[in-house]
Each structure stands twice: as structure tokens, then as C-alpha cells.
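Close look at the chain arrangement
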There are 4 protein chains.
Amino acid sequence: MINVGVLGATGAVGQRFVQLLADHPWFNLTTLTASERSAGKPYGSVVNWRLDSPFPDSSAELIVAPTTVDAVKDCDVVFSALPADIAAKLETDIADAGVGVCSNASSHRMEADVPLMIAEVNPEHAALIDVQRKKGRDGFIVTNPNCSTIMLATALAPLRKFSFTNINVATMQAISGAGFEGVPAFSIYDNVIPYIGSEEEKMSREANKILGTLDGGKITGAPFSVSASCNRVPVIDGHTLNVWIDIKATPAEVIEAFKTWQPPFSGLPTQPDHTVLYLDQENRPQPRLDRNRGNAMTVSVGRVREGIRFVAMGHNTIRGAAGASVLNAELLHTMKYI
Amino acid sequence: MINVGVLGATGAVGQRFVQLLADHPWFNLTTLTASERSAGKPYGSVVNWRLDSPFPDSSAELIVAPTTVDAVKDCDVVFSALPADIAAKLETDIADAGVGVCSNASSHRMEADVPLMIAEVNPEHAALIDVQRKKGRDGFIVTNPNCSTIMLATALAPLRKFSFTNINVATMQAISGAGFEGVPAFSIYDNVIPYIGSEEEKMSREANKILGTLDGGKITGAPFSVSASCNRVPVIDGHTLNVWIDIKATPAEVIEAFKTWQPPFSGLPTQPDHTVLYLDQENRPQPRLDRNRGNAMTVSVGRVREGIRFVAMGHNTIRGAAGASVLNAELLHTMKYI
Amino acid sequence: MINVGVLGATGAVGQRFVQLLADHPWFNLTTLTASERSAGKPYGSVVNWRLDSPFPDSSAELIVAPTTVDAVKDCDVVFSALPADIAAKLETDIADAGVGVCSNASSHRMEADVPLMIAEVNPEHAALIDVQRKKGRDGFIVTNPNCSTIMLATALAPLRKFSFTNINVATMQAISGAGFEGVPAFSIYDNVIPYIGSEEEKMSREANKILGTLDGGKITGAPFSVSASCNRVPVIDGHTLNVWIDIKATPAEVIEAFKTWQPPFSGLPTQPDHTVLYLDQENRPQPRLDRNRGNAMTVSVGRVREGIRFVAMGHNTIRGAAGASVLNAELLHTMKYI
Amino acid sequence: MINVGVLGATGAVGQRFVQLLADHPWFNLTTLTASERSAGKPYGSVVNWRLDSPFPDSSAELIVAPTTVDAVKDCDVVFSALPADIAAKLETDIADAGVGVCSNASSHRMEADVPLMIAEVNPEHAALIDVQRKKGRDGFIVTNPNCSTIMLATALAPLRKFSFTNINVATMQAISGAGFEGVPAFSIYDNVIPYIGSEEEKMSREANKILGTLDGGKITGAPFSVSASCNRVPVIDGHTLNVWIDIKATPAEVIEAFKTWQPPFSGLPTQPDHTVLYLDQENRPQPRLDRNRGNAMTVSVGRVREGIRFVAMGHNTIRGAAGASVLNAELLHTMKYI
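Residues numbered from 1 in each chain as written. Chains lettered and ligands numbered in written order. Predicted model: local features only at pLDDT ≥ 70, side-chain atom pairs only at ≥ 80, totals over all residues. Heavy atoms only, no water.

- Per an unreviewed UniProt entry, chain A goes by aspartate-semialdehyde dehydrogenase and derives from Methanocorpusculum parvum.
- According to the UniProt record, the Sequence similarities (unreviewed entry) comment for chain A is "Belongs to the aspartate-semialdehyde dehydrogenase family." (UniProt positions renumbered as here; feature names shortened; annotations may be inferred.)

1. Observations concerning the overall build of chain A
- Helix and strand counts for chain A come out as 12 helices and 14 strands.
- On the principal axes, the C-alpha backbone points of chain A span a range of 55 × 50 × 35 Å.
- When burial is assessed residue by residue, chain A has 65% of its 338 residues classed as buried.
- Pairs at least 24 apart in sequence give 74% of the contacts found in chain A among residues at least 6 apart.
- Measuring between centres, the 29 positive side-chain charges of chain A sit 3 Å from its 35 negative side-chain charges. (Helix = DSSP H or I, 4+ residues; strand = E, 2+ residues; numbered from the N terminus. Buried < 20%, exposed > 50% of the residue type's maximum accessible area, 1.4 Å probe, protein only. Contact = heavy atoms within 4.5 Å. Lys, Arg positive; Asp, Glu negative; His and termini not counted. Charge placed at Lys NZ, Arg CZ, Asp CG, Glu CD.)

2. Notes on unusual backbone geometry
- Look at the link from A:Arg284 to A:Pro285: it is a cis peptide, with omega at 5°.
- Assignment of secondary structure puts A:Pro285 in the loop between strand S12 (276-278) and helix H10 (287-290).
- Looking along the chain, the bond that leaves B:Gly307 and enters B:Ile308 is cis, with omega of -10°.
- At B:Arg303, a residue that is not glycine, the phi angle is positive and equals roughly 50°.
- Tracing the backbone shows B:Arg303 in strand S13 (residues 299-305).
- Take B:Arg303: its relative accessible area is 12%, and that puts it in the buried class.
- The residue D:Lys336 is not glycine, and still its phi comes out positive at about 70°.

3. Observations concerning the pattern of salt bridges
- Taken as a whole, this structure holds 56 salt bridges over all chains when the rule is applied.
- Where B:Glu120 meets B:Arg319, a salt bridge forms, and the shortest distance between an N and an O atom there is 2.5 Å. With a gap of 199 residues between them, B:Glu120 in the loop between strand S5 (100-103) and helix H5 (128-134) and B:Arg319 in helix H12 (residues 318-334) connect regions that are remote in the sequence. The same class applies to B:Glu120 as to B:Arg319, namely buried.
- Here the salt bridges share partners, and the residues they tie into one network are A:Glu200, B:Arg303, B:Arg305, B:Glu306 and B:Arg309. (Salt bridge = Lys/Arg side-chain N within 4 Å of Asp/Glu carboxyl O.)

4. Details of the relation of the copies chain B and chain A
- Of the transformation placing chain B onto chain A, the axial shift is 0.0 Å and the rotation is 180°, giving an RMSD of 0.0 Å. Such values leave the two copies arranged in the relation of a two-fold axis.
- With an isologous cut-off of 70% or more, the 100% of interface residues of chain B that recur at the interface of chain A puts this contact in the isologous class. (Least-squares fit on C-alpha atoms with pLDDT ≥ 70 in both.)

5. Describing the relation of the copies chain A and chain D
- When chain A is fitted onto chain D, the two copies agree to an RMSD of 0.0 Å after a turn of 180° and an axial shift of 0.0 Å.
- Taken as a fraction of all interface residues of chain A, those also at the interface in chain D reach 100%, which identifies the copy contact as same-surface.

6. Focus on helix H6 (residues 147-156) of chain C
- Counted residue by residue, H6(C) has 10 buried out of 10 residues, so it is predominantly covered.
- Every buried residue of H6(C) is accounted for by C:Cys147, C:Ser148, C:Thr149, C:Ile150, C:Met151, C:Leu152, C:Ala153, C:Thr154, C:Ala155 and C:Leu156.

7. Some words on helix H4 (residues 84-96) of chain C
All names here are of chain C.
- Taking 1.5 Å of rise per residue, the 13 residues of H4 would be expected to cover 18 Å, and the 18 Å separating its terminal C-alpha atoms lies within 8% of that figure.
- The sharpest bend along H4 comes to roughly 30°, located at Leu90.
- Ala87, Leu90, Glu91, Ile94 and Ala95 are the residues of H4 that are buried.
- Summarising the contacts, the buried residues of H4 are in contact with strand S1 (2-7), helix H3 (69-72), strand S4 (77-80), strand S5 (100-103) and strand S6 (140-143).
- With its phi angle positive at about 105°, Gly98 sits one or two positions after the end of H4. (Expected span 1.5 Å × (residues − 1). Bend = angle between axes of the 7 residues up to and from the residue.)

8. Examining the interface of chain B and chain A
- With 40 residues of chain B in contact, the opposing surface of chain A contributes 40 residues.
- When chain B packs against chain A, the two sides together hide about 3,300 Å² of surface, and 49% of this comes from carbon and sulfur.
- Summed over the shared surface of chain B and chain A, the number is eight salt bridges.
- Our enumeration of links across chain B and chain A arrives at 34 residue pairs in polar contact (both at pLDDT 80 or more).
- Elements supplying a minimum of two residues to the side of chain B that touches chain A: strand S7 (164-173), helix H7 (185-188), strand S10 (226-232), strand S11 (239-247), helix H10 (287-290), S13 and strand S14 (309-314) of chain B. (Buried area = accessible area lost by both parts, 1.4 Å probe. Polar contact = N/O pair within 3.5 Å; in protein donor to acceptor, adjacent residues only side chain to side chain.)

9. So, the sheet that holds strand S5 (residues 100-103) of chain A
- Strand order across the open sheet formed by six strands is S3-S2-S1-S4-S5-S6 (chain A), with parallel pairing between neighbours. If you trace the sheet from one side to the other, it starts and ends with strand S3 (65-66) and strand S6 (140-143) of chain A, each paired once. (Pairing = 2+ DSSP bridges.)

10. Details of the UniProt feature "domain: Semialdehyde dehydrogenase NAD-binding" (unreviewed entry) in chain A
- Summarizing the sequence annotation, UniProt attributes the feature "domain: Semialdehyde dehydrogenase NAD-binding" (unreviewed entry) to residues 3-129 of chain A in the numbering used throughout.
- Along residues 3-129 of chain A, the helical share is 26% and the strand share 18%, with 20 Å between the first and last C-alpha atoms.

11. As for the packing of helix H1 (residues 12-21) of chain C against helix H12 (residues 318-334) of chain C
Residues and elements named next belong to chain C.
- Running from amino to carboxyl end, H1 crosses H12 at an angle of 50°, the nearest separation of the two axes being 9 Å. Considered as vectors, H1 and H12 are oriented oblique to each other. Along this stretch, H1 crosses H12, giving a crossing that reads as right-handed. Of the residues in H12, those in contact with Val13, Arg16, Phe17, Gln19, Leu20 and Leu21 of H1 are Ile318, Ala321, Ala322, Gly323, Ser325 and Val326.
- Tallied by class, residues from the contact of H1 with H12 come to eight nonpolar, three polar and one charged. (Axes fitted to C-alpha atoms, helices over the stretch in contact; angles between N-to-C directions. Parallel < 35°, antiparallel > 145°, perpendicular 65-115°, else oblique. Left-handed = near helix turned anticlockwise from the far one by under 90°. Nonpolar A, V, L, I, M, F, W, Y, C, P; charged D, E, K, R; others polar.)

12. A word on the packing of aromatic side chains
- Across all of its chains, the model carries 38 aromatic pairs over all chains by this definition.
- Here B:Phe180 and C:Phe186 contribute two aromatic rings whose centre-to-centre distance is 4.8 Å and whose plane-to-plane angle is 50°, an arrangement assigned as tilted. With B:Phe180 in the loop between S7 and H7 and C:Phe186 in helix H7 (residues 185-188), this pair bridges two chains. Each member of the pair B:Phe180 and C:Phe186 is classed as buried.
- Aromatic ring contacts, followed pair by pair, group A:Phe17, A:Trp26, A:Phe27 and A:Phe79 into a single cluster. (Phe/Tyr/Trp six-rings, centres within 6.5 Å; stacked < 30°, edge-to-face > 60°.)

13. Some details on the side chain of D:Arg288
- Summarising the element assignment, D:Arg288 is placed in helix H10 (residues 287-290).
- Of the side chains with opposite charge, C:Asp190 lies nearest to the buried D:Arg288, which makes no salt bridge, at 4.9 Å.
- The residues touching D:Arg288, leaving out its near neighbours within four places in the chain, are B:Asp52, B:Ile236, C:Phe186, C:Ser187, C:Tyr189, C:Asp190 and C:Asn191.

14. With respect to the environment of C:Gly314
All names here are of chain C.
- Tracing the chain through its elements places Gly314 in strand S14 (residues 309-314).
- Assessed through its relative accessible area of 0%, Gly314 is described here as buried.
- When the C-alpha positions of Gly314 and Arg303 are compared, they lie 15 Å apart, and in sequence the two are 11 residues distant.
- Setting aside residues up to four positions removed in sequence, Gly314 forms contacts with Met151, Gly238, His239 and Thr298.

15. Regarding the pairing of S5(C)
All names here are of chain C.
- Covered by surrounding structure in S5 are Gly100 and Cys102 together with Val101 and Ser103, the residues of both alternating faces.
- Of the pairings in the sheet, the one linking S4 to S5 comprises four bridges and is parallel in character. The partner of Phe79 across the bridge, within S5, is Cys102.
- The β-α-β motif built from S4, the intervening H4 and the parallel element S5 has right-handed crossover chirality. (Right-handed = clockwise from strand over helix to strand, strands pointing away.)

16. With respect to the interface of chain A and chain D
- Contact residues are listed per partner, giving 16 residues for chain A and 16 residues for chain D.
- Taken over both partners, the interface formed by chain A and chain D buries close to 1,600 Å², and the fraction arising from carbon and sulfur atoms is 73%.
- Of all residues in chain A, A:Phe186, A:Tyr189 and A:Ile236 give up the largest surface area on contact with chain D, accounting jointly for 46% of the area buried on that side.
- In this assembly, chain A and chain D are joined by zero salt bridges.
- For the interface between chain A and chain D, the tally reads six residue pairs in polar contact (both at pLDDT 80 or more).
- In the side of chain A that touches chain D, the residues fall into 11 nonpolar, two polar and three charged.

So, in C-alpha cells, the structure goes:
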């Protein structure tokens, strides 16, 4: 059994990690960390469980540890839901101490020797771990991308066989993406906020790296540009994207690619039957109706039409965060990095 | 005094017309039409007043007329909130009977001799009325565009001095745009519906006509293309647009254009101080905060950045429907068509 | 295997019935009825599946039947999601034709020989079927109560051992209770509607019947009064009740009753582990967090305090409608009425 | 001119105070206080104006002062939007320094010599200021009640001519009542929170004091009891109350009282034409439709029926907070306390 931990187990993404790991067939959840205030107490007594899925009883008695290198040094891999400022140094220290870090934080995503990975999309980038190892690190850091970027890059994976350049994308992002307390009701109810700090820049640079080419231990970013316009809308979970892509393909060819594309592997515990699922109804995908497909790991696409325009949608805290990270770890296990 | 009427006075747009006309300085609201079921009764007793502005007492005792040519033949101009299928023939008959029709309906918008007008943007297109007159019509039909198109075309007006081609636009449209009963709560609450029937096509063809050139009694559509992706979001009033425009201008030049552009006239009763208002905060415009600017007639713009990308937002049933139509009538009065 | 059908299979409650019956361990779903327009076509092709649970593939190929006696005469029991006006005569005819009718409609609830049943609360009322049989009916009609009444009466079941008189109850009812199209977004968004037609009267008379005593083939209503104030609120699923009850018990005794009460049977397929579940956190129950407990069949209670006041909440279309009806049928099967 | 200030001018209630005072016919807004971080800068540059009414330009250049006694000593009266913990000592010190304090905070409401006032309901309680003066205070503290209590007590004012005892009340309170940041969207969207800390206790004791009798410098609380159940619902502004009142009157008599009751004075600048307005439609009052009546100072009532039950609703940050306080000050000015 592989012993795993969650760094920052009480927040929105942390609770999703616990939900996904509590009864995982491969991973044994041994360690949960949170703030000093919660340390030393049973997780069940300190967490304010905010998800609509039931609280996993198997984690209730785990004693919360402080968020330190020492607390997790006996884990084989930890999943990080830490805020970026804390993640920066701590994840480095944990990786250097020999523990694998699968991180949802943004801090290390763009570093040259850190894979920025969506398991089904760019699994080959895992080899960057070897570069970290060569530099003397016993553990590793692997990151998953920003939630909106995951939806975009996953939807683009089937289209890589075509040639494409410019992408314009408008996002309509769910409330949960900002954490449980992140968006006040007074701000977003009956409203659209047409700005999410750093989101547009992240989508651009992260997409280029994810779909870039690994050669000689370095990634050359993909040559397309992403021009994003990111909005917060009154939706609880599920990010919706309107995409324009300058692509040498007809709508019918794009639909066919969406319908037939297969990831290079299958059957991992958190992997959905359909990583990308094409919906043919004219008013789909919709977040409330489609966000839970594939145990909330499927990216649904639809409305493919000349432009080329299409719509993509996925669950932002599962496919877009914790689920992406857990699936990465499952892949790394099959690759023997874990 | 100019006697006016409202066709279809009990629905969402109809009530907005009544709100704007009930105590108008130039127009005397004499006639309200609705269904046969309501005809013959006082408006105050049949209307289910759904707006959050107070019911205008001056209209309470007007006896509702049936929606027929005869009922409105003594009006100088009527404002039509009719559904497209009814508007098609009835507006033609009313115009032929000598009454001016300022219509919010889509039925006649693309006809060659019918102005598709945003008063401050293409007032010169009013001259198409002369073409209708030459064909023997005593009245006229003038239309205002679809709500989303109004926001887009109004925001583009200050940019016409630059050269631009492709436009991609994602809309996030408010519930009220579909009428009081148009969107079930179960459909839209905690959701995004990434499809609004015919909306994308309307935005495209209407924008080209509005910003097109009138010459020799014919309009040549503007040479830019509009590729739209229209969504319904959980907002009560106010349509938000994310725009990408292929334009030969820098962000600073675009901002300057937004700040300095003036319509070719001012001071009409329904005209706002700012037809286009540039907001410099990074997270504006937002519908709930900005939709009422200029008595809900201002189109707010912001987030101008390289791309060129910007955000535009306006009140969809006032600037985007009834207010646009009333302002058109005010303009036509100054032009002596009314 | 018991052959069952659903009358009115395409609406909000109808879809819940299909969701619950499609793969039921005891019931074989053979027949789905809908309007004439849908009749003759596969269910999967005519239904606009609006639930966030996946469409049950096993029902996709069932050919929709028209809503007639003839269409269901080979069923052992049918579940009715019909509107009250249609249910009135049709359910009578179907029951007379020898089919058992478990109905969610209000039409027959208050009839003297029709059980108004919440399976765990007043199972003994099923004996009224014998009265129907004596009158020559081969089938039967059994009804479940109105959604809000179900939450109230279920929460009162553990308290029957105490003596109580007056009840005041304020309800905050979810949108889905009015059907998919029942509440326009424009009406309820950022709003409370402090009126639901007939709801307050139903709560009052139905609660008295459910908790009444069956003796000699007649039910004597329970001697407490219910004074209700019913409101619609912007919640998708889940009705929340604030209850004041004039009861001879302390808060501690009421809590103990909630925690210890057991229904007179257990283990039916749709029966939850906890029919009534006491939550001790100070801000619970909440609909979004608690409505899915017990597969959405649990009524959660909390905030018990002097007054006596408490809060109850349950899923309105499962516990409050389709689930209640299916559980009734399961009970009737154990009692050999089916 | 009377010089006034606002303590805590940047939060939800503070901004309402500024909105109401910026261009007040009697009061000259000279001083705005906020945190140390904002002190010394123009109000327009530090406030994040969150109201949908336009920012009052006349206040933009006021230099924000720190929240100290010294900052406001030259004001005749200050309006306090301070949180309770800060208000406790600071308001005392400011009043002792000779400034009148009209406070929205809860800190001093239940003190024996502090009026807890709704201007139209218990104006005679202002005489408690004389008790403060006798104790050597040069200024005064006058408080307005909690928002829900204001709606309840105002609705009860017309009913004082009848005899009444028990009141049960369920509240459905708006988001803005908790401040701009007080309720996370993730907590309240598609949800009801059946608990608001201390609210039920406040409603009970405050209502008794407001409707109590002042005699010999002491208030004897009114002899009715209030048993409340307070909920937060997804509404932006406007608290809705379902009331049960044990009263010796028929529904018709209660309606007549609501329709005919007049406050003991009229014509104050912030006073609405109708302090209490009876609406006879069966589904009113509703917050989104009725909260702005009387410039958001009217408490609307309706649905009066046997029980006696009725519904009341008012704007929680204007009638329920800042507007109540400003109206109190206007009254105190006519009474020469200011």
C-alpha cells in the first residue's frame, strides 16, 4: 500500500482530496495537515465538512498534523491543497526530503523541471521527474494546472492531430473555484464579475506548456496563443468555456475527433470512461446537468460549429483540481515514480 | 403632443415601454393593447406589474385595447413589444394605415427599407423611411436591434474611426431577456445555458447592418464579421459581453476612443449623459452594479487590454429593448418623421 | 416480479419515479405514459431528462404509452405523477380496472377510503384498501401526501408519544416542487414568494389525517391544529420547515425522541437507515448539504429549543413525492396488497 | 446646518449612511471614519462602493478620519455603523465628549437609559436622553434596533390598540444583513441557513423594549413574548417575516388597522409616505418587488388571515439599519435634542 497525505485538508480543495482518497483502492490516507490551531485534534472534529457528498468516516479519527515537512516525511506522496505562498517553499522542502508532491498549487507549475500534467493529455511530461532526480532530489514535485486551463487543454487534446494557432476563450467560472469563503454572496448573486486575478495569464502560459513538447529534458511550449477572458458567474461547481479555435478542420472533423479520441491508457481508479465526452444536444453542456459525469472527471464538449467554436465544461474542484492531482499520482504509480 | 401607444403592453418589454412612456415629456400615452382576454378592462386591473420600479398610476385607468390596426389608428406612433410571429403582418398593416411603428420585434429588422437603428450610432439610417414612403406607405416601420447586438454595436460606435475586421464575442445574458416566464428557475439556477436560439445569427447580421453604410436608399453591410457564443446566466437584468476585436489600435487608443466619443446629438429625454461609459476598475463593468447607469441607458465598457479584448455591459430591457425604441422615436421626432 | 408503470413519466415527479424504478430490485418497470404527442416513441427520445442523476439507460427503449386505462391494465401497480385534474377520474378508472394506483396527486388524498400514507408513519392506514375492496374495487388507490406535509408529519412521528396541540409552521419550499417549468426564474431569483396556492390548507388537513386513528374502517383526524405559512425560496431541491409545537415535553425529551424513534419496519429497498435524523450542529439542517441523506429519503431535524421550536428539512421530490410513493408500494407488497 | 459624521463609513451599513446623508436637506456630512489604513485619504479613493445606487460625488473628497473620539468631536451627531465590540466603549466616549450618537450597533441597545427607537413607533422613548443628561453626559446615545426587529415592531405598531400576547415569527433574512463579506456565496447559494447568531434573542428582548412603556425614566417592557426562528435565504436585500400573533382582533380589523394607522408625525425628510403599507395581492409582499417602496423605508404587510397570520417585509439596510438611524436623528432634531 502506498501511504499518502493531504497538505491543507480542511479547505475546499483539501476536502475534495479527502473525499477522493479516503477509501482509495491504491492509496492509504495516513496523514492530514492543517493549521496549528487544528493540529493534534481528530479531523472529524475540526473540519467544517462543506461538500454535498457524505463525510468519509474512515478519515474522522485521523489526527490532524501541522503543515510541516516533518509531519509528512513518512508518506510516499502528498497531495497539496496549500495556498501558493505557503506551497512555494514547503513543497520544495518536502520533495527534497524524499516525498513525492502532487500539487494543485500554482507555485511550481511553470518551473522548467516540474511537470504540469493532465494525466491523459501529456503523461510523457512525467519524465521531467528524472531531471529533478538528477539534480539530487529524492522526491519530486508534479503539478496539475489551473482549473480553467485543465478544461481547455483537455478539450484540445483530441484536436492535436490538426494544426491550430489562435485560441480565444471566455470562461464562466464557478464559485467554488475561489474556495469556500472566496466569493461573497453579495458580490456574485445576480451578477457577473468579469475578472479573476491572474487567471487569463495562467490559462495562456499553462496551456502552452501542457501541450508543449518534451525533448532533451526541456519543454518547448506549443506554438498556439491563448487569449482568455475570465468571468465569475453564480454557479456552485463547474466551469464553462466558450472557445474559438483557429484550426484546420471542419466542424464535422472536430466532432469526430471529440468522439473518437482515446487517452494513451485506461482503467486508472479515478479515470473516467470518457475523459472528453461529446454531447450533441444544442444546449449542452451545462454545469448543473453535466458536471458530475464520469464521477466529475469528464470534460463535456458540445456546440461545435463553424468558427470553429465549441463549448467545454468540467467540474472545477474535481477534474479541475483534486481529481486531476489524484489521477496524476495513479499514473505516476503505473510509471513507477511512486 | 404626440399620441403614442404600446402594442403588447403586459409582458416584460411592454411593461418597460409603459414605464418609460407613462410620464414622457413629449409623448402622450393614449393606447395600450394586449390580448383579447384583457381588452376592455383598465390596464391597472389586468397587468401583473413585475418591474421593481413603481407602477405608473397615470396608466392605470387606460382601457386596454385588442391588438389590432383599428385600435391604434389614431396614434401618431406605436411601440411594439409583440412577439415576432404576430409582429410580422400586424406591424406592416399598422404602418400602411399611416401610423409610425417603432418595433422591438425581430420580424422586420433585416428588411431592406426598414432602419435597424440605435439612435446614437446610426441615426442617418432613419432616411430609409423615405424609401418606405416612396413605396406608398403613410406610416413607417423602424426597428431597434436585438438586445445583445445593441450592446455590441453601441460599444463599437466609438471604434469606427479605426479599421477592424473579425469580432468574437461571448455573451452572458440576463433572464429578463426571455420574458417574465421565459426561463424556468429550474433551468437556470446554479447553471449556465450555452445556447440562445437564433441569437448568434442575429448578432452577426444585425451588427453588420447597423454599422453599414446607407447610400442611394440601400445599406451595404459593414465588412467585419461577428462570431458569437451566446449564453444565459443567472442574472436578472444586464447583458455582459466579452469581446475580441481585430482592430488597428492600441489598448490606450481604444480607451481614449471610449472616453471621448460623443453621439452626433444630445439632450433627448431618454438619452443618457454617456451612451458609452468607460470604467477603469479592473473588475468592471458588472451587471448588478452598473446596469442602471444613465437611467439604464448607458453601455458600460472596461477591461480594455491587448487582444484587443474588452468587456461591455448594458441593461437588456431598457437600453437593449424598450429604451432603445423610445429613444429612436425621440430622434425621429427631431427629424420630423414623427 | 411485479410489473409497474408510471403515469406522466416526463415531468419533474415522473422523472423521479423513473429514476427510482428503473433498476428496482422488486419492481419491473414495464410501462411509461405521457401525452399523446409522445406516445409511440421510445422514452429516451421524448423525455427531456432534467435531473442531475444519470438517465437510466434501461428505460430508454420503453415505448411511451398514452395516458389511458388501457395502456396500464397489465401492470400490477402504477405510480401516478399526473396533475390533479387528470388524476381525479383516471386514477379511479384504473383502480376499478384492477390495477393498484400509488398516487402523488392530490385528487384522492382526502377521500374517506383512500389511505394518505407515509410508510413509516401510518402504515396501518393501508387497511383502508380493504374498504375499497369491499366496495367492489379490484385494484386500489393509495396516496402519499403533499411534499411539505410529508416533512412535517414525518418529523412529528417520533413525537406522537407526547401530547401536542397547536402547530405553527413556516415553510421555505424549493423550486422543483412546482415542476420543471413551474416557477419562472424572474419570479423567484433574489426573492421570496410568500404564497403557494392551497399549500397551507393541504398541510393542515393532510397532517390531521396522516396522524389520525383508523377505527372501524374510518379515520378520525388527529386533534392538533396546523397553522402554516408557506413560502417559495431560491433553492432547487429541499423543503425547510420552521416548526413551533405546543407539546408536553422538554427540548431534551424531544431530541431523545428524534434520536431513538424507529419505524415499525426496516429494510425496504427505498427505506433509508434513518427516516428521521437528528443533527446537532447549530446551523443545521440545510437543504443543499442535507437533502441527499439516506438517498434523499431522510428527513433531517435540528435546532430543537424551548418553544418548542425545531427545524426539519427533506428532499421534496424524492422523500416528498416519488420516493414516498415507491416506499408505500414496497410496504404494500410486504402486506400483500401488491 | 447640523454637522454630522459616519463612524465606519466603508462597510455595508456605512455606505448606506453615506448614501442617505451625502445630500441631506438638514445634515451636513463633514466627517467619515474608517480604519487606520484608510485614514488620511479621500473617501472616494478608499471606499469600494458596493451599492447599486450611484456613488455620491459630494462625499468623494472628504478625507477619511481614523475612528477616534477626537476625529468626530466637532460633529453635532455621528451615525455609527461600527461593529458591536468597537462600539461598546467608543460610542460611550463620544457621547460623553458631547456628541450625539445615533447607533446601528447592538452594544448599547438594552441599556436602561438608552432609547431603542423606531421613530414612528416609540418616539416618546427619546426622553431617556434626559436621563443620560442628568447623569452628566453632554451628548447622548440613541440606538435603532436590529433589522428583523424593526420590521416586526413596525408592523406591530398599528396593532397596539388591540390586546396581544404570544408572537411566533419566522424570518427569511437577506444576505446584505451580514455585511458585504459576511455570507460566502458557497454557503447560501441554493440553500437556506436556519440559524443567525443571537438574532432570535435580539428580536425577543428588543421588541419588548421598543413597545414597552416609559414611565419615570424607566421602560417597562411590553408584556408579549416573541418566539423567533431566523433563517438566511438567497436574497440580496429585504427581510421577509411570517408572523403568528395571538391577538384579540379579526383579520378584517387587523387589515383596517394596517390601512389606517398613522405615525404621530409626518414630513421628516427620510420618512416615507407609508411607514406601514398593506398590500392586498395574495402573493405579496415580496422582497425584490417591494423592498424599495417609500425609498426603501416602508414596511409592507400582507396575507392577513385567521391565525392571526400575516407577512411583513422591509429593506434591511435602509429601513432596517441606516435609514432607521437617520430618521431617528431627524426626529431628535424636531425634538431639539440635536
